[in-house]
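One letter stands for each residue in the lines below.
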Amino acid sequence: MAVRAIRGATQLDVDEREHLFARTRELVAEVLAQNEVETDALISVVFTCTPDLTSDFPAAAAREMGLGDVPLLCAVEIAVPHALPRVVRLLAHADLDVPRGAVRHVYLHGATALRRDLAQ
């Protein structure tokens, strides 16, 4: 086993709480599924939002999914001009029994433009 970092991102259509929660749940579920990660293997998850997302915390959506005992943190991305708007990113740390190169990073919806080389 080794600690591995898993990246992911999704883009929202609008800054509304229910939409933020739906897209965050989708992203977390896909990251876990693509990497065959059980929640007990999660060490922590850091979420960031672009400055235009203020309706709620992505970590609250993750808690609703049953990740309440996983350390979760939210932060704001730096406001880079012309950056992709309405993006939630995550960086999850987990105990995985795979080489670093086998980790599957997940980019959904418009966020696929961020890392076309890694997008599913």
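Note: the structure precedes this text.
One structure accompanies this document, and this report is about it.

Conventions we followed
- Residues numbered from 1 in each chain as written.
- Predicted model: local features only at pLDDT ≥ 70, side-chain atom pairs only at ≥ 80, totals over all residues.
- Heavy atoms only, no water.
- Axes fitted to C-alpha atoms, helices over the stretch in contact; angles between N-to-C directions.
- Helix = DSSP H or I, 4+ residues; strand = E, 2+ residues; numbered from the N terminus.
- Parallel < 35°, antiparallel > 145°, perpendicular 65-115°, else oblique.
- Left-handed = near helix turned anticlockwise from the far one by under 90°.
- Contact = heavy atoms within 4.5 Å.
- Nonpolar A, V, L, I, M, F, W, Y, C, P; charged D, E, K, R; others polar.
- Pairing = 2+ DSSP bridges.
- Salt bridge = Lys/Arg side-chain N within 4 Å of Asp/Glu carboxyl O.
- Buried < 20%, exposed > 50% of the residue type's maximum accessible area, 1.4 Å probe, protein only.

Focus on the packing of helix H1 (residues 17–34) against helix H2 (residues 58–67)
In step 1: Two elements in contact, H1 and H2, have axes whose closest approach is 8 Å; the angle formed by their N-to-C orientations is 55°. When the axis of H1 is compared with that of H2, the two are oblique. Here H1 runs over H2; the crossing is right-handed. Together, Arg 17, Leu 20, Phe 21, Thr 24, Arg 25, Val 28 and Ala 29 of H1 and Pro 58, Ala 60, Ala 61, Glu 64, Met 65 and Leu 67 of H2 make up the contact between the two elements.
In step 2: For the contact of H1 with H2, the per-class residue count stands at nine nonpolar, one polar and three charged.

Thoughts on the sheet that holds strand E2 (residues 42–49)
In step 1: Ordered in space as E3-E2-E4-E1-E5, the five strands form an open sheet in which the pairing is mixed. A strand with exactly one partner marks an edge of an open sheet, and here the two such strands are strand E3 (72–76) and strand E5 (106–108). Across the sheet, the axes of successive neighbouring strands diverge by a mean angle of 15°, strand direction being ignored.
In step 2: Pairing between strand E1 (residues 2–11) and E5: three bridges, direction parallel. The residue bridging Thr 10 from the neighbouring strand is Leu 108, located in E5.
In step 3: Contacts between H1 and the sheet are confined to E1, E2, strand E4 (87–96) and E5, with E5 contributing the most and set at about 150° to the helix.

A closer look at the pattern of salt bridges
In step 1: By the definition in use, this model includes five salt bridges.
In step 2: Here Arg 23 ties to Asp 13 by a salt bridge, and the two come within 3.2 Å at their closest N and O atoms. Of this pair, Arg 23 sits in helix H1 while Asp 13 sits in the loop between E1 and H1, placing them 10 residues apart in sequence.
In step 3: Between Arg 17 and Glu 18 there is a salt bridge, with the nearest N and O atoms lying 3.1 Å from each other.
In step 4: Overall, Glu 18 belongs to the exposed group, its relative accessible area being 51%.
In step 5: Ionic contacts of the salt-bridge type, sharing partners, join the residues Arg 17, Glu 18 and Asp 56 into one network.

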